[in-house]
Structures are given as C-alpha cells and as structure tokens.
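Read off the chains here:
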Amino acid sequence: MAQEKEEKTAGQEKAEKGKRKIHFSIDDFFTAFIDLTENRKEYSSLFEQPVFAFFKRLHQDYQAVFSCFCFYEEGKDGRNLAQVTDVFREEFQENSDWLRFGFHGLNSGANYGSTRFQTGECRADYRQAGADYEKTVKELERITGGGRCIDRVPRIHFYAGTAEACRAWMDASCGIRGLISAEDDRIAYFHTEEQSRTLRQQDRLDTTGLGLTFFRTKVRLENTEDIAAFLEDFGRQEKMEELLVFTHEPFLEEERIRQMFRSCAAFARERDWGFGFPEDWLERED
C-alpha cells in the first residue's frame, strides 16, 4: 500500500508540472456525505459510494483531482457535518493527493458579501464569517483526518466575501491562502471593477492588499451547451494556462455532466496538461 501510494503521488507530481493546469471542483457538496453515513455498514470502502466512485474512476483513468466545497448544514431538515461518519477517514487520508474538501458556506442561505449581494442571510462580519469557517473545517478535519485533505483555496457560496470576511478566513485555524472566483463577468468578493477586469484578463489576481491569490473559474458545466467547442477555443488561447472546471453536487446525477468531466479530462491528457490544486500551485511558486 505504501509503495502504491508513493508511485501514485510521484505520477501526480509529474502531471502537475505541465505548462497548462486543470482542476475539477464541486460546489454545494453535502449529500454524498449523508449517503456515506447512512450506508456506512454496507459500504466496505469510501469508493463504493457512487459519487466518490465516479471521482476515483476519473482519477484512475486521467489522474484527475477533485475539490469538494462543503456547506456545514443542509437547510431542509437540519442535517449537518457533525452527523457525518468518520469511519472512512483513513481512506480519505490515503487519497488526499487528489481528493480534498474545503469551506463553501454555513448553508445555502449564508451570504458573506457586501450590500450589493442581496441574496441570503448576511454573515459578513469578522466574527460570524470566521466562526462559520472554523465550524465547517473542524468537522471536515474530523471526517477526513485533516491535513492535506483540507483545501485552503476554496470557492465561497455566491462568490461573496467582504475584505473583513476574507481576513477572518485567513486568520482561522487552517485558514485560506486564496479563493476561487467567478466564471462570468460579475464582480466577486470585495473586488473593484478594475481588479475584476484584471482577474478576467489574467486568470489570477494578487493585488487586493490582503495577501490572497484569486483564481478565475473558467467553466460551469451545467451552464455549458458545447464543451467540445469550449475546450477547442481554450486550447487555442496561448495565454490561458489554468483551466478551473466546476459544477454543483446535484448535477452529478446527470450523465451529461459526468460526460463533460470525462471530456475535459481526456482533452487535458491528450495535451499533457497537469491536474492539480490551486493551493499546490501556490506552494511551488513560493
């Protein structure tokens, strides 16, 4: 097992050194954890759960990596991460080089943005934002064993976060090192119009004064009609070196979305792009 793990990690490292980089992520992640918990006696492995089985197949076939950005609670019936089993934490640890988990928000109604974000309950002050982050990450550490299983460059719900909220997330235990921003032209987080324009043009933004790096999302799969055309266009753009692809957990039930993940992974492999995590890209650049 140790030798197998070492070889996989080495292969992953080799893939990530390619000029172009690709990353997969899932927002609103929660339901798979509940299924894993409810069937913990039936599943002899983490990867018998259908969503995690899908992730593993793409990793085995293409070296794909996944980040799952999680709510602390699911608002419909009061379920939360504190109720999720930790019996698979050893497997989570063994696969942390390609499967990680990060903060997305307290729940689907939480909003960490300024007054321009009119949706949800505003929780943007330093205390609330920090408490929500620590509450969520504490349970993710319990479930997965923590360490490299925690993704410290998450995507926040609504792409909302004041400078105060972002500072709280940085200061928290296992705090953030960056954030993933929007796939469209909206002004996300606390960015100015000029910063937002820079991020769209350059795919990264480091000039916010907080010491955070922002990465631009490139494609939201459920809103994409022709993934082949998108990939061909992206491949022709010489300055575009990072392809961040995502969907929301409920859409993983659709074969159309799963096939788009396969198409992205196959396209990347054919061109020798490297799968990896934005957090790891930052570490190698430090």
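Before any of the text, the structure's been laid out above.
Residues numbered from 1 in each chain as written. Predicted model: local features only at pLDDT ≥ 70, side-chain atom pairs only at ≥ 80, totals over all residues. Heavy atoms only, no water.

Colleague: Mind laying out the overall build of the protein chain, listing which residues take part and the relevant values?
Modeller: If you tally the helices and strands in the protein chain, you get ten helices and 13 strands. Within the protein chain, the proportion of its 286 residues that are buried is 56%. Looking at the protein chain alone, contacts between residues at least 24 apart form 77% of all its contacts between residues at least 6 apart. A total of about 12800 Å² of accessible surface is found on the protein chain, and carbon and sulfur atoms cover 44% of it. (Helix = DSSP H or I, 4+ residues; strand = E, 2+ residues; numbered from the N terminus. Buried < 20%, exposed > 50% of the residue type's maximum accessible area, 1.4 Å probe, protein only. Contact = heavy atoms within 4.5 Å. Areas by Shrake-Rupley, 256 points an atom, 1.4 Å probe, with all protein chains shown as cover.)

Colleague: Explain the packing of aromatic side chains residue by residue, including any values.
Modeller: Applying the stated criterion to the full structure yields 29 aromatic pairs. An angle of 25 degrees between the planes, with centres 5.8 Å apart, marks the rings of F47 and W98 as stacked. Remark: W98 occurs in the loop between α4 (89-94) and β5 (99-105) and F47 occurs in the loop between α2 (31-38) and α3 (50-62); sequence separation between them is 51 residues. One exposure class covers both F47 and W98, and it is buried. A centroid spacing of 5.8 Å and a plane angle of 55 degrees characterise the contact between F103 and W169, whose relative ring orientation is tilted. With F103 in strand β5 and W169 in helix α6 (residues 163-171), the pair connects residues that are 66 residues apart, well separated along the chain. Owing to a relative accessible area of 0%, W169 belongs among the buried residues under this scheme. One aromatic cluster is present, built from ring pairs that chain together F24, F29, F33, F52, F54, F55, F66, F92, F101, F261 and F275. Note that R100 overlies the ring of F277, its terminal NZ or CZ placed 4.0 Å from the centroid. (Phe/Tyr/Trp six-rings, centres within 6.5 Å; stacked < 30°, edge-to-face > 60°. Lys NZ or Arg CZ within 6 Å of the ring centre and 35° of its normal.)

Colleague: I'd like a description of the pattern of salt bridges, backed by residues and values.
Modeller: Scanning the entire structure with this criterion turns up 18 salt bridges. With a shortest N-O distance of 2.7 Å, R155 and D27 are connected by a salt bridge. Placement of the pair is R155 in the loop between α5 (126-144) and α6 and D27 in strand β1 (residues 21-29), with a sequence separation of 128 residues. A single burial state applies to R155 and to D27, both of which are buried. With its nearest N and O atoms 3.4 Å apart, the salt bridge here joins D61 to R57. Here R57 and D61 lie together in helix α3, a separation of four residues that amounts to about one turn. In this structure D61 comes out as partly exposed when scored by relative accessible area, which is 33%. By relative accessible area, R57 is classed as partly exposed at 47%. Because the salt bridges share partners, they merge into one network encompassing E183, D184, R186, R220 and E222. (Salt bridge = Lys/Arg side-chain N within 4 Å of Asp/Glu carboxyl O.)

Colleague: Describe the pairing of strand β12 (residues 242-248), listing the residues and the values that go with them.
Modeller: Of all seven residues in β12, seven are buried, a share of seventy percent or more. On β12, burial covers both faces: E242, L244, F246 and H248 on one face and L243, V245 and T247 on the other are all buried. Looking at chain direction, β1 and β12 are connected through seven bridges and run parallel. Among the inter-strand pairings, I22 is bridged to a residue of β12, identified as L243. Note: strand β11 (residues 219-220) against β12, two bridges, orientation parallel. Bridging from a neighbouring strand, R220 pairs with F246 of β12. The parallel pair β11 and β12 is bridged by helix α8 (residues 227-236), and the resulting crossover is right-handed. (Pairing = 2+ DSSP bridges. Right-handed = clockwise from strand over helix to strand, strands pointing away.)

Colleague: Pulling in residues and values, what's your account of the sheet that holds strand β8 (residues 178-181)?
Modeller: Within a sheet, adjacent strands bond to each other through the backbone by hydrogen bonds, running parallel or antiparallel. Taken in spatial order, the three strands make up an open sheet running β8-β10-β9, and their pairing is mixed. At either end of the open sheet lies a strand with only one pairing partner, and these are β8 and β9 (204-205). Pairing between β9 and strand β10 (residues 213-216): two bridges, direction antiparallel. What sits directly across from L205, in β10, is F214.

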